[in-house]
Amino acid sequence: GRRVSDHTLPGTLSASDFMAVHQDAANFLARRARPMPHPPSPAALRGTRFHTWVEEHLGQRPLFEELPGAADDELFTDAEIAELRHGFLQTPYADRTPFAVEVPFSIVVQGLVLRGRIDAVYRDGDRWEMVDWKTNVDATADPLQLAIYRYAWSQMMGVPLTAIAGVFVYV
């Protein structure tokens, strides 16, 4: 069989895959060499459903069709979703109008094409803020994700990185 070292990275990666490579390239390549299907996790499905609700609340339609699992109501109690909605409504973003939501991007980083979506972009004068909604309890998100979003926005809009902030909003 082929060894992990025999495999190379694909030319295009999702932002999540890029972060996985950054954390542990050998593990990422091993999983890629022998891919196994994984059902979506309950946390991922909850996050997808919450994102759909946020887009509707903000009066923004997503740029993509609804993702699989977004309407899997039987996986969640009304109390769980109500708690997430309440959490969002307590944030300063509940009453702000975003510049854009679910913004797709495709950028080149270290010779690789990275693709992803920015949950929400807010503008305040000449300052920009990239927002990523998180539905998990623990604040464990990788800051590299926000760095990717900031860099992508800088490249797409021709805005200096110093004018762009990034924030995880845990609801």
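Just above sits the structure.
A. Spotlight on the layout of surface pockets. One number sums up the size of the second largest pocket: a volume of about 240 Å³. The dominant element in the lining of the second largest pocket, judged by the number of residues it contributes, is helix α2 (residues 25–33), at three residues. Within the lining of the second largest pocket, the residues separate by chemical class into three nonpolar, one polar and four charged.

B. Representation of the packing of helix α1 (residues 15–23) against helix α5 (residues 143–157) in the model. One can describe the packing of α1 onto α5 by two numbers: an axis separation of 10 Å at closest approach and a directional angle of 130°. The orientation of α1 with respect to α5, classified from their angle, is oblique. The handedness of the crossing between α1 and α5 is right-handed. Here Ala15, Phe18, Met19 and His22 of α1 lie close against α5, whose contacting residues are Leu144, Gln145 and Ile148. By residue class, the composition of the contact of α1 with α5 is five nonpolar, two polar and no charged.

C. Region of the structure containing the environment of Trp153. Note that Trp153 resides in helix α5. Taking the C-alpha atoms as reference points, Trp153 and Ile164, eleven residues apart in sequence, are found 8.0 Å from one another. What Trp153 contacts, discounting residues up to four positions off in sequence, is Phe99, Val103, Ile118, Val121, Trp128, Met130, Gly158 and Ile164.

Procedures and definitions
Residues numbered from 1 in each chain as written. Predicted model: local features only at pLDDT ≥ 70, side-chain atom pairs only at ≥ 80, totals over all residues. Heavy atoms only, no water. 1 Å grid on protein atoms, 1.4 Å probe; cavity = no way out; pocket = protein on both sides within 12 Å on 5 of 7 lines; lining within 4 Å. Points joined across faces, edges and corners; volume = space filled by probe spheres on them. Helix = DSSP H or I, 4+ residues; strand = E, 2+ residues; numbered from the N terminus. Nonpolar A, V, L, I, M, F, W, Y, C, P; charged D, E, K, R; others polar. Axes fitted to C-alpha atoms, helices over the stretch in contact; angles between N-to-C directions. Parallel < 35°, antiparallel > 145°, perpendicular 65-115°, else oblique. Left-handed = near helix turned anticlockwise from the far one by under 90°. Contact = heavy atoms within 4.5 Å.

Just geometry here; none of it tells us what the structure is for.
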